[in-house]
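A structural walkthrough
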Amino acid sequence: MAGLFSPEAWNKIWIYRDTFFLGLKNTAVTALFALALALVIGIFFGLLATSGKKPLAALARVYVEVIQNTPVLLQMCFLYYALAFSNRSIGIINTGILTLGIYHGAYMAEVVRTGIESISRGQFEAAHSQGFGYIGTMYHIILPQSIKIILPPMVNQVVNLIKNTSCLYIVGGADLISVTYSFVTGENTGGAYAPAYLISGLLFFIVCCPLSSLASLWENSLKKRDVRSGKAQKSLERMA
Amino acid sequence: MEEVLGSLRMITNPAVFAYIMKGVAFTVLISVVAVLLGIFFGSILAMVRNYCTSPKTRAFQWLSIAYIEIFRNTPLLLWIFICLVFCPCPSILNRKLWGLSSAEVKLLFKTAVALILFTSSVIAEIVRGGLNSVAHGQFEAGHAQGFSTVQIMLYIILPQAFQNIVPTLLSQVITTIKDSSYLANVATIELMSRVKKLLSSAHRYNGLNTVNVSDVFVLFGFACLIYFVINFSLSCLVRWLRKRKKKANLVKVTG
């Protein structure tokens, strides 16, 4: 197993431990900024899709379909090489932030759209008749009700976003996976395959597992509550 | 203008076009195989995770949970790299196949294994959702009719579970087609990697001896279009199936 139990290989990892932390830092920075961008894009297009105006909703639809149906790796290469060959390179990490933000923005938009659409039409009309404006309706009436539907899938998207930082590798990135790969194939550091992959996988797992467990626990408890309130509803109907 | 014409000349070159189309064939082939095998392994994982709850079989349940959680929380690229080093490759594959060199065949096998392992974990969670949607009374009814546990699984539970998850499995095909582009990181076999390779040798085909920004747009744009056509038609199919199911459920409730 290429050095899983060899002390020298582990020693090598220990000596170069800063490399892994640097990779983790780059991954975290990319993921954080990309997440911020994805949230902005997602809320914007999610609101467009539910605005009830045909052209705006169509625009959001086109954006979501085009981005969701092409691989993120291709988008990354497209953006990177298009910028590089027109001499406007913005750096690998920035390209990664932009691509991942745009890609996951499309998914966030879908999450936001489903969340808002799950609120019954009557709520909007009631808010309108009470004199709420668009922002007031969204903030005071719709958001508090839809947030619990929106958040679990959104957390899942965050996990996917963190995992997708690995696609920086194709343009020669500095994220955790790329750093690990150049570590195991490097001239001075090479060979310690098993320990290096183990450490890198472990770092990803430590970050992602709590998030994805949180998301699925949350989702299950919501589902259970729905079942319970559905049962309560039915027994109420029976009594009436 | 000259540059754009050069790029278009490149893509209409029959040899280049055939090269790209072969990549499309490999992309579809890899994804379909990965999903089919993923359904097989995923179903086993899901059943073990859901039903091996007696003290004797608890260990298998933990193994299955560990497998699913580990693969779900680490990137695919890591598994591709791991399989490149550790996955044994049968010697029968040490030859030329489908126009690939023997080294590429080996890479294809190893990376496909990584994709299958990864997809299995995702599909396991999908199948588990389907299993959970089958009412528990079905088990008891099956037992009462004298079915053994294996028979109940095969004839009663799995058919109903799969009926419920067909749309989700189809959208997993879309995801796998997109994920298969990760193979471009290590091998030149499928669409994404072929387009990337064409870009680096574009100066030979566009008749201008330089790689221009228009080449990027034409090549990657063309690849985007291919991916989009395949995935969009699949996602339309998924939507149609979901709508039909919703209607069927409504009829069941009201009728």
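Structure shown above.
Below or above, wherever it landed, is the structure these notes cover. Please read these numbers as outputs of a predicted model, since none were measured by experiment.

Parameters at a glance
- Residues numbered from 1 in each chain as written.
- Chains lettered and ligands numbered in written order.
- Predicted model: local features only at pLDDT ≥ 70, side-chain atom pairs only at ≥ 80, totals over all residues.
- Heavy atoms only, no water.
- Helix = DSSP H or I, 4+ residues; strand = E, 2+ residues; numbered from the N terminus.
- Rg over C-alpha atoms; globule rule 2.2 N^0.38 Å.
- Buried < 20%, exposed > 50% of the residue type's maximum accessible area, 1.4 Å probe, protein only.
- Contact = heavy atoms within 4.5 Å.
- Areas by Shrake-Rupley, 256 points an atom, 1.4 Å probe, with all protein chains shown as cover.
- Lys, Arg positive; Asp, Glu negative; His and termini not counted.
- Charge placed at Lys NZ, Arg CZ, Asp CG, Glu CD.
- Buried area = accessible area lost by both parts, 1.4 Å probe.
- Salt bridge = Lys/Arg side-chain N within 4 Å of Asp/Glu carboxyl O.
- Polar contact = N/O pair within 3.5 Å; in protein donor to acceptor, adjacent residues only side chain to side chain.
- Phe/Tyr/Trp six-rings, centres within 6.5 Å; stacked < 30°, edge-to-face > 60°.
- Lys NZ or Arg CZ within 6 Å of the ring centre and 35° of its normal.

1. Quick notes on the overall build of chain A
A count of helical and extended segments in chain A gives 9 helices and 0 strands. What you see in chain A, going N to C, is helices and strands ordered as α-α-α-α-α-α-α-α-α. In summary, chain A has a C-alpha radius of gyration of 23 Å against a globular reference of 18 Å for 240 residues, an excess of more than 25%. Expressed as lengths along the three principal axes of its C-alpha atoms, the size of chain A is roughly 75 × 50 × 25 Å. When burial is assessed residue by residue, chain A has 44% of its 240 residues classed as buried. Relative to all contacts within chain A whose residues are 6 or more apart in sequence, the contacts with residues 24 or more apart total 74%.

2. Focus: the overall build of chain B
The secondary structure content of chain B amounts to 10 helices and 0 strands. Its helices and strands taken in sequence order, chain B reads α-α-α-α-α-α-α-α-α-α from the N to the C terminus. Relative to the globule expectation of 18 Å for 255 residues, the C-alpha radius of gyration of chain B, 23 Å, shows a markedly less compact shape. Along the longest, intermediate and shortest principal axes, the C-alpha atoms of chain B span 75 × 50 × 30 Å. Long-range contacts, defined as pairs at least 24 residues apart, comprise 73% of the intrachain contacts of chain B with a sequence gap of at least 6. Carbon together with sulfur atoms contributes 68% to the accessible area of chain B, which is approximately 12,600 Å² in total. Averaged over its 24 positive side-chain charges, chain B has a centre that lies 9 Å from the centre of its 9 negative ones.

3. Considering the interface of chain A and chain B
Of the residues lining the interface, 39 residues belong to chain A; the matching set on chain B comes to 37 residues. Buried area between chain A and chain B, summed over both chains or domains, comes out near 3,400 Å², and the portion from carbon and sulfur atoms is 75%. One can count 1 salt bridge joining chain A with chain B. Between Arg239 of chain B and Glu65 of chain A there is a salt bridge, with the nearest N and O atoms lying 2.8 Å from each other. On the surface where chain A and chain B come into contact, there are 8 residue pairs in polar contact (both at pLDDT 80 or more). Residue assignment for the side of chain A that touches chain B shows that the elements contributing at least two residues are helix H3 (54-68), helix H4 (72-85), helix H5 (92-117), helix H7 (134-164), helix H8 (176-185) and helix H9 (193-239) of chain A. Examining the composition of the side of chain A that touches chain B, we find that 10 residues originate from one element, H9 of chain A, more than from any other.

4. Some points on the side chain of Thr165 of chain A
Relative to the assigned elements, Thr165 of chain A resides in the loop between H7 and H8. Not counting residues up to four positions away in its chain, the partners in contact with Thr165 of chain A are Thr27, Thr30, Ala31, Leu100, Asp175 and Phe204 of chain A.

5. A look at the packing of aromatic side chains
Summed over the entire model, instances satisfying the criterion amount to 18 aromatic pairs over all chains. With a centroid separation of 5.5 Å and an interplanar angle of 85 degrees, the aromatic rings of Tyr169 of chain A and Tyr181 of chain A are classed as edge-to-face. Note that Tyr169 of chain A is positioned in the loop between H7 and H8 and Tyr181 of chain A in helix H8, a separation of 12 residues in sequence. Given the relative accessible area of 18%, Tyr169 of chain A is considered buried. Judged by relative accessible area, Tyr181 of chain A falls into the partly exposed class, the value being 22%. On the numbers, 4.1 Å between centres and 25 degrees between planes, the contact of Phe71 of chain B with Trp79 of chain B is stacked. Across the pair, Trp79 of chain B and Phe71 of chain B agree in class, each one buried. Members of the aromatic cluster, connected to one another through ring pairs, are Phe78, Tyr80, Tyr81 and Phe85 of chain A together with Phe217 and Phe220 of chain B. Between the NZ or CZ atom of Arg121 of chain A and the centre of the ring of Phe124 of chain A, over which it lies, the distance is 4.9 Å. Lying across the ring of Tyr19 of chain B, Arg194 of chain B places its NZ or CZ 4.6 Å from the centre.

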